[in-house]
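The primary structure of each chain is shown beneath.
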Amino acid sequence: MNRLDQYVPIVGEDVIGQLRQLASYLKGLKVVHVNSTREGGGVAEILSWLIPLKQELGIDASWEVITGTPQFYQCTKYMHNALQGQQFEIRDALLKEYERVNELNAESLRSKLEEADIVAIHDPQPAALIEHCPNRRGKWIWRCHIDVSRPYRPVWRYLRQRVYLYDASIWSLSEFSQPLPHPLYLIAPSIDPLSPKNIDLDTDELNRAYDRFGLDPRRPIITQVSRFDRFKDPQGVIRAYRLVKAFLPIQLVLAGGGASDDPEGEEVLAQVRAIAGDDQDIHIIVLPSDAHREINAIQRISDIVVQKSTREGFGLTVTEAMWKGKPVIGGDTGGIRLQVVNHHTGFLVNSPEGAALRIRYLLKHRDRLEEIGAKARQFVLENFLITRHLREYLTLMLAVLSGNQDRIEEPRLT
Ligand code: UDP
């Protein structure tokens, strides 16, 4: 069975039929996606399923990855932080390196990029390629995966000089975007229900997870899965847990990735360990980055999932938990607001006290916990699965190629 057909039992035949219908206008279209890493991070994850699905639909899609120098990545990291609001002046020498690396990559990719019908450039790293493709004949789209709602102005102005050359841009949330002289599109991220992170697991595997992580199946489990990052507020989660623990015999799981390559991650992890002290019911579980089934199992054996971030781009962990029928208690910020409809698919909170109140409420009202969990799953089914994401990409490609035409009659391949 081909990949798309495997989604039929989840989303229904019509959804897949619609994708095929939309794609019929785009057959043979040359589409090139460019980002800066083949693995690690949400962008690479999305591209790794998006490209094969587009190919299966008859689109000539490919994925190119630019290569850079340590100074280049230093520069783009500063850029990333500044675009997300950090006041930071980037030295000219680093910006020159950014430009040089983009020029070098453009040399090797130029013919492919100039021949493509659509080029999708992801994030700031390869954004300057466009300047070095003067004979481009297709439409160029800049896909921004980060929150540029309150950027450090000088850095945004620098990047904007490149971004304004594009024919369109895509953003995850309207509030993350900036005014630009081309059409701006909104496409929210999504999860793949068939990936190891989200696929159904059998009871044996779930039972093994209790044993493996030393959890008691008879007592409620409250979980937060996230990198050890201050913006994810793990300390606030522990505080909420303690407020609940005074009344109910709960267990807390804080599951996060290995922090060895991230000095700040290690520091936050050390602080979290210190705050947890010798409490046997706080389980800090550090997992390798490919422990997808383990995270899946932990989310499934939890009663409630918390994502108490104080700043959050989208929060795939929220989507993943909701898909597993878990009510999510999330920080009232960024993309969490898009997913957690307060009192319906979960609760939005602004403090550890608020989180504690909602945890107690849900544990005391199991019927509400089930009801909210079921609504959460349905909400993800309707809004945040990759089939919706793919449909929006296909629609966008049609829109970009059709310009101001009122009707889309037939493929317009140049
Ligand atoms: N994740 C993981 N292992 C960890 C921590 C997180 O696999 O130890 C995954 C998590 O399941 C989710 C992604 O990494 O798929 C994190 O995405 P999210 O949007 O929640 O947060 P980000 O880390 O991008 O800020």
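Anything mentioned here points back to the structure above.
Overview of the structure. (Residues numbered from 1 in each chain as written. Predicted model: local features only at pLDDT ≥ 70, side-chain atom pairs only at ≥ 80, totals over all residues. Heavy atoms only, no water.)

Attention now moves to the packing of aromatic side chains. Two measures describe an aromatic ring pair: the distance that separates the ring centres and the angle between the ring planes. Applying the stated criterion across every chain yields a total of 9 aromatic pairs. With 5.8 Å between their ring centres and 80 degrees between their planes, Trp142 and Trp171 make a pair best called edge-to-face. Placement of Trp142 in strand 4 (residues 139-143) and of Trp171 in strand 5 (residues 168-171) is noted, with a sequence separation of 29 residues between them. Considered together, Trp142 and Trp171 belong to a single accessibility category, that of buried residues. Each ring, one from Phe347 and one from Tyr361, has its centre 6.0 Å from the other, and the planes form 90 degrees; the classification is edge-to-face. Of this pair, Phe347 sits in strand 12 (residues 346-349) while Tyr361 is found in helix 13 (residues 352-364), placing the two residues 14 residues apart along the sequence. Exposure remark for Tyr361: the relative accessible area of 29% places this residue in the partly exposed category. Clustering of aromatic rings is evident, with ring pairs tying together Phe72, Tyr73, Tyr98 and Tyr158. One residue, Arg38, lies across the ring of Trp63, its end atom 4.6 Å from the ring centre. (Phe/Tyr/Trp six-rings, centres within 6.5 Å; stacked < 30°, edge-to-face > 60°. Helix = DSSP H or I, 4+ residues; strand = E, 2+ residues; numbered from the N terminus. Buried < 20%, exposed > 50% of the residue type's maximum accessible area, 1.4 Å probe, protein only. Lys NZ or Arg CZ within 6 Å of the ring centre and 35° of its normal.)

A few words on the nonpolar core. Counting 53 residues, the largest nonpolar core has Leu26, Leu29, Ile59, Leu390 and Leu394 as its most contacted members. Contributions of two or more residues to this core are made by helix 2 (13-24), helix 3 (42-56), strand 2 (60-65), strand 5, helix 11 (316-323), helix 14 (366-383) and helix 15 (386-402). Here this core gets 9 residues from one element, more than from any other, and that element is helix 15. Residues contacting Leu26, with those up to four places away along its chain left out, are Gly58, Ile59, Leu394, Met397, Leu398 and Leu401. One finds Leu94, Tyr98, Trp156 and Val163 within the second-largest nonpolar core, a separate group that totals 38 residues. (Core = buried A, V, L, I, M, F, W, Y, C linked by side-chain atoms within 4.5 Å. Contact = heavy atoms within 4.5 Å.)

Another aspect to go through is the sheet that holds strand 8 (residues 251-257). As summarised here, the arrangement of the 6 strands in space is 9-8-7-10-11-12, forming an open sheet in which the pairing is parallel. The open sheet is flanked by strand 9 (282-287) and strand 12, the only strands paired with a single partner. The sheet shows a mean angle of 20 degrees between the axes of neighbouring strands, taken without regard to direction. Taken together, the 2 bridges between strand 7 (residues 221-225) and strand 10 (residues 304-307) define a ladder with parallel strand orientation. (Pairing = 2+ DSSP bridges. Axes fitted to C-alpha atoms, helices over the stretch in contact; angles between N-to-C directions.)

All right, on to the packing of helix 13 against helix 14 then. At a minimum axis separation of 5 Å, helix 13 and helix 14 run at an interaxial angle of 105 degrees. What the angle tells us is that helix 13 and helix 14 run roughly perpendicular. Counted together, Tyr361, Leu362, Leu363 and Lys364 of helix 13 and Arg366, Arg368, Leu369 and Ile372 of helix 14 form the full contact between these two elements. Each residue belonging to the contact of helix 13 with helix 14 can be placed in one class, and the counts come to 5 nonpolar, no polar and 3 charged. (Parallel < 35°, antiparallel > 145°, perpendicular 65-115°, else oblique. Nonpolar A, V, L, I, M, F, W, Y, C, P; charged D, E, K, R; others polar.)

Mapping Glu312 onto the fold places it in the loop between strand 10 and helix 11. There is a polar contact of 3.0 Å between the side chain of Glu312 and the side chain of Lys232. With residues up to four places along the chain from it excluded, the contact list for Glu312 reads Phe176, Lys232, Gln307, Thr333, Gly334, Gly335 and Ile336. (Polar contact = N/O pair within 3.5 Å; in protein donor to acceptor, adjacent residues only side chain to side chain.)

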